[in-house]
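# A closer look at the structure
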Amino acid sequence: MPLLTIVVPAYNESSVLAAFHQRVMATLDTLSLEACLLYVDDGSSDDTWEQIEALCADPRVGALRLSRNFGKEAALTAGLDAVTEGAAVVIDADLQDPPELIAELVAQWQAGYDVVYATRSARAGETRLKRFTAAAFYRSMEAMSETPLPRDTGDFRLLSRRALDALGQLRERQRFMKGLFTWIGFRQTAVSYQREPRRAGHSKWNYWRLTQLAIEGITSFSTAPLRLATWVGLGAAAFAFVYGLWVMLKALLWGDPVRGYPTLMVVILFLGGVQLLALGVIGEYLGRNYAESKQRPLYFIAERRGARGR
Ligand code: UDP
Ligand code: MG
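Every value quoted in this text rests on a predicted model; they were computed, and no experiment measured them.

## A word on the coordination of the magnesium ion (ligand 2)
- Within the protein, the atoms that donate to the magnesium ion (ligand 2) are D94 (OD) and Q96 (OE1), at distances of 1.8 to 1.9 Å. Each member of the pair, D94 as well as Q96, is classed as buried.

Written as C-alpha cells, this is what we have:
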C-alpha cells in the first residue's frame, strides 16, 4: 500500500489542534492507503507540544519539536525532510485548509501527478487589503520571476516521492517554499477549494512578516531588482555623458561665462556616470554569485527510458 504522511507545522495552535486532529483522522480513515500524521511544533510557547505528545499515543502519529520558533518555512522543511518514505501532504493546523480535500489531492496523485496544489477559489474572512496585497504580490512575482507562482495557492499540497526527493536537494537558506514547490517542476496540477476563515487562535502573519515573506520571494526567485540597478545606471550614465558633452561644446562655442563651471560639470557627470555603470556591473556579478551560492541542482530527471537512459 502506498504511504502518505501528512505534515502539519504548528505554532501556538492549542486552541484548534484537537478539532484539526479529529477532522484529519476522520479523513485519513476514508482513504484506502496507509497514512500517518507528522506534527512539527515550531517552538510553541503555549501547550501545543503537550497536546501533540498526547496525540502521539496513536501509532499513526509522530511529532518533531524545533528548538525554538524558526518560522513556518523552516518547520515545513524539517517536516518534509523527515518523510523518507512515500508521499507527503502539507497542511496548516488552523483548519483554513479543509482536511477533507486531502482525498481529492490523493486522487490526482494516484492519477499520476507529482505536485497537487490546492487553489483557493474564495478567501473568506480576509480583509480587502489582504486580498489586494496578495493579488499585487502574485502579479509582481509573475512579471519579475522566471518561476511563475500559481495564484491564490498556499502551502497546502501533496508532493510525490520524487517531488520530495527533488525538494530535499534544495538546501538554500532563504527558503520561499511556495516558489521552491513550483521550481522543482514535474507534473503539477491544481484542485480548487473554498478557503475558510481561521477556526480559532489568530494568524501569525502580520503585515510586517508578510512584507518580509514577499521580499524573500522576490529576492530568492528573481534578480530583477539587481538588473534594475544595471539599467538605471546605464541610463543615467548615457544621460550624463551626453549632457557633459553638451556643456563642453557650449563652453567651446560660446566661452566660459561662469569660470570653471563647464569643467566641473563635465567631471562630476563623467564620474557619476562611471560610478553608476560600475555599480551595475557589480550588480550583475552579484546576481550570478547569488544564483551560484544557492547551489540549486541544475535539473531533475522525470523519466528514463531504454538501456542508455539509465
Ligand atoms: N506556523 C509555524 N510557524 C510560525 C508561524 C506559523 O509553524 O512561525 C504554522 C501555523 O501553526 C499554521 C501555519 O503555519 O499551521 C499557517 O500559519 P497562519 O495560520 O498563522 O498563517 P496564515 O494562514 O494567516 O497565512
Ligand atoms: Mg492560517
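## Remarks on the environment of R131
- Along the chain, the position of R131 falls in helix 5 (residues 128-144).
- Spatially, the C-alpha atom of R131 lies 27 Å from that of G185, the residues being 54 residues apart in sequence.

## Details of a nonpolar patch on the surface
- Side chains of W231, L234, F241, V267, F270, L271, V274 and L277 sit close together on the surface and give an oily, nonpolar patch of about 710 Å² of accessible area.
- The set of elements that each furnish at least two residues to the nonpolar patch consists of helix 9 (224-254) and helix 10 (261-293).
- Ranked by residue count, the leading element in the nonpolar patch is helix 10, at 5 residues.

## Digging into the side chain of R157
- Looking at the element boundaries, R157 is found in strand 6 (residues 153-159).
- Salt bridges are absent for the buried R157, whose nearest opposite-charge side chain, D155, sits at 5.0 Å.
- The residues contacting R157, other than those within four sequence positions of it, are A88, V89, V90, L105, V115, V116, Y117 and F181.

## Observations regarding helix 10
- With 33 residues, helix 10 should cover 48 Å at 1.5 Å per step; its first-to-last C-alpha distance of 47 Å lies within 8% of that length.
- Turning to helix 10, its buried residues are P262, L269, G273, G280, G283, E284 and G287.
- On its buried face, helix 10 is in contact with helix 9.
- Q295, located one to two residues past helix 10, shows a positive phi value of around 50°.

## Some details on the packing of helix 1 (residues 14-30) against helix 2 (residues 48-55)
- Between helix 1 and helix 2, the shortest axis-to-axis distance is 9 Å and the interhelical angle comes to 20°. What the angle tells us is that helix 1 and helix 2 run roughly parallel. The interaxial crossing formed by helix 1 with helix 2 has right-handed handedness. Here S14, L17, A18 and H21 of helix 1 lie close against helix 2, whose contacting residues are T48, Q51, I52 and L55.

## Describing the layout of surface pockets
- Approximately 470 Å³ is the volume attributed to the second largest pocket.
- When contributions to the lining of the second largest pocket are tallied by element, the ones reaching two or more residues are helix 8 (207-221), helix 9 and helix 10.
- Counting residues per element, the lining of the second largest pocket draws most heavily on helix 10, which supplies 7 residues.
- Per-class residue counts for the lining of the second largest pocket are 7 nonpolar, 7 polar and 7 charged.

## Overview of the site of ligand 1
- For ligand 1, the set of nearby residues contains 18 residues, the closest of which are D42, D94, Q96, S203 and W205.
- Here an oxygen atom of ligand 1 and a backbone polar atom of A93 are 2.9 Å apart.
- Within the side chain of Q96, a nitrogen or oxygen atom sits 2.6 Å from an oxygen atom of ligand 1.
- In the shell around ligand 1, the residues fall into 5 nonpolar, 4 polar and 9 charged.

## Quick look at the packing of aromatic side chains
- Here the structure, examined in full by the defined rule, presents 5 aromatic pairs.
- Taken together, a centroid distance of 6.1 Å and an interplanar angle of 75° make the contact between F137 and F176 edge-to-face. Of this pair, F137 sits in helix 5 while F176 sits in the loop between helix 6 (161-168) and helix 7 (177-183), and the two are 39 residues apart along the sequence.
- Here F137 falls in the buried class, since its relative accessible area comes to 14%.
- Taking relative accessible area as the criterion, F176 reaches 1% and is therefore assigned buried.
- Counting every residue linked through ring pairs, the aromatic cluster contains F137, Y138 and F176.
- For the cation-ring pair, R68 lies above F70, with the distance from its terminal atom to the ring centre recorded as 3.9 Å.

Parameters at a glance
- Every residue gets a number counted from 1 within its own chain, in the order that chain's sequence is written.
- Chains carry letters from A onward and ligands carry numbers from 1 onward, assigned in written order.
- Local features in this predicted model are restricted to residues whose pLDDT is 70 or higher, and side-chain atom pairs enter the listing and the counts only when it is 80 or higher, whereas totals over whole chains, interfaces and linings include all residues.
- The basis for the side-chain values is all heavy atoms of the structure; hydrogens and waters are excluded.
- Coordination partners: N, O, S within 2.8 Å of the metal, 3.2 Å for Na, K and Ca; water not considered, so apparent gaps in a site are possible.
- Three labels apply to residues, based on accessible area from a 1.4 Å probe with only protein chains included: buried if under 20% of the type maximum, exposed if over 50%, partly exposed otherwise in between.
- Working definition: helices are DSSP H or I runs of at least four residues, strands are E runs of at least two. Numbering for both runs from the N terminus.
- To count toward a patch, a residue needs a relative accessible area over 30% and no salt bridge; like charges are then connected within 9 Å, while nonpolar side chains (Val, Leu, Ile, Met, Phe, Trp, Tyr) are connected within 5 Å.
- Every accessible area reported is derived by Shrake-Rupley at a probe size of 1.4 Å, with residue values counting cover from the shown protein chains alone.
- The working definition used for a salt bridge is a side-chain nitrogen of Lys or Arg within 4 Å of a carboxyl oxygen of Asp or Glu.
- Two residue types count as positive, namely Lys and Arg, and two as negative, namely Asp and Glu; His and chain ends fall outside the count.
- Note on contacts: a residue pair qualifies if any of its non-hydrogen atoms lie within 4.5 Å across the two residues.
- Given a helix with a known number of residues, its expected span is that number minus one, times 1.5 Å.
- Axis definition: a line fitted to C-alpha atoms, over the contacting stretch in the case of helices. Angles run 0 to 180 degrees between N-to-C directions.
- Comment on the angle field: the value is read as roughly parallel under 35 degrees, roughly antiparallel over 145, roughly perpendicular from 65 to 115, and oblique elsewhere.
- The hand of a helix crossing depends on one turn: near helix anticlockwise from the far one by less than a right angle means left-handed, and clockwise means right-handed.
- Two kinds of site are reported from a 1 Å grid over the protein atoms alone, namely cavities, where a 1.4 Å probe fits but cannot get out, and pockets, open sets with protein on both sides within 12 Å along at least five of seven lines, and residues are called lining when an atom falls within 4 Å of a point.
- Grid points are joined across faces, edges and corners, and a volume is the space filled by probe spheres set on the points.
- Classification convention: Asp, Glu, Lys, Arg as charged; Ala, Val, Leu, Ile, Met, Phe, Trp, Tyr, Cys, Pro as nonpolar; all other residues, Gly among them, as polar.
- Definition of nearness: a residue and a molecule or strand are near each other if at least one heavy atom of the residue lies within 4 Å of the molecule or strand.
- Each polar contact in these results corresponds to two N or O atoms within 3.5 Å; when the atoms are within protein, one needs to be able to donate a hydrogen and the other to accept it, and residues that are neighboring in sequence are counted only if both atoms are side-chain atoms.
- Aromatic rings from Phe, Tyr and Trp, with only the six-membered ring used for Trp, were paired whenever their centres fell within 6.5 Å, and each pair was classed as stacked if the ring planes differed by under 30 degrees, edge-to-face if by over 60, and tilted otherwise.
- Any Lys NZ or Arg CZ that is within 6 Å of a ring centre and within 35 degrees of that ring's normal is treated as a charge sitting over the ring.

Scope: geometric values only; no functional claims are made or implied.
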